[in-house]
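In case you want the letters, here they are:
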Amino acid sequence: MKRELTIGEVSARSGLSVSALRYYEGKGLIAPPRTSGGQRRYPRAELRRLAFIRVAQRLGLSLRRIREALAEVPDGRAPTPADWSAIAAGMQDELTERIETMTRLRDNLDGCIGCGCLSMSACPLWNPDDAKGAEGPGARLVEART
């Protein structure tokens, strides 16, 4: 079994398009070494990083946050279980907050869709004259902890 893979082989093995691999490289998520001719050669350990990126994106993490997490794993070697444990521990609070936010949104979604905005006094999105704008960007009423 060869040690390094071409971009096409990594694409086939990871399920990611070649353009996605180049995009991740451009964002600093991966850094495959190059041959003297400029061709990318991926160590097999990079497949684990790519799997992590896909899972982290499914969890809703930003590419910036994913890059920060991957910075904890040294380049050039396969991540160890200890590496992944450290990354997971660092994300626990963030993921818990995301889950709580998604749960609140899910629990209030039927009211938003079902009400047809007939009851503005109970609408979690109603923000007359952008009164909540002073509190910061985004949907302040929906994103607020209840």
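Keep in mind the model is a prediction, meaning the values are calculated, not measured.

**Q** Describe the overall build of the chain, naming the residues involved and giving the relevant values.
**A** When its secondary structure is counted, the chain shows six helices and two strands. Burial status across the chain gives 26% buried among its 146 residues. A separation of at least 24 residues holds for 54% of the contacts in the chain among residues at least 6 apart in sequence. Element-wise, carbon and sulfur atoms account for 54% of the exposed surface of the chain, whose accessible area totals about 9,600 Å².

**Q** Quick rundown of helix α4 (residues 63-70)? Include the residues and the values.
**A** Taken as a whole, α4 has its buried residues at Leu63, Arg65, Ile66, Ala69 and Leu70. Each buried residue of α4 sits inside an arc of 160° when the element is viewed along its axis, so together they form one side.

**Q** How would you explain the packing of aromatic side chains if you had to name every residue and give the values?
**A** Counted according to the given criterion, the structure contains two aromatic pairs. Considering the side-chain rings of Tyr23 and Tyr24, the 6.4 Å spacing of their centres and the 50° angle between planes classify their relative orientation as tilted. For Tyr23, a relative accessible area of 45% puts it in the partly exposed group.

**Q** Explain the environment of Glu25 residue by residue, including any values.
**A** Structurally, Glu25 can be placed in helix α2 (residues 18-26). When near neighbours in sequence (up to four residues on either side) are disregarded, Glu25 contacts Ile30, Pro32, Arg34 and Arg40.

About the cut-offs
- Residues numbered from 1 in each chain as written.
- Predicted model: local features only at pLDDT ≥ 70, side-chain atom pairs only at ≥ 80, totals over all residues.
- Heavy atoms only, no water.
- Helix = DSSP H or I, 4+ residues; strand = E, 2+ residues; numbered from the N terminus.
- Buried < 20%, exposed > 50% of the residue type's maximum accessible area, 1.4 Å probe, protein only.
- Contact = heavy atoms within 4.5 Å.
- Areas by Shrake-Rupley, 256 points an atom, 1.4 Å probe, with all protein chains shown as cover.
- Arc of directions from axis to C-beta.
- Phe/Tyr/Trp six-rings, centres within 6.5 Å; stacked < 30°, edge-to-face > 60°.

Spatial relationships are all this shows, so hold off on functional conclusions.
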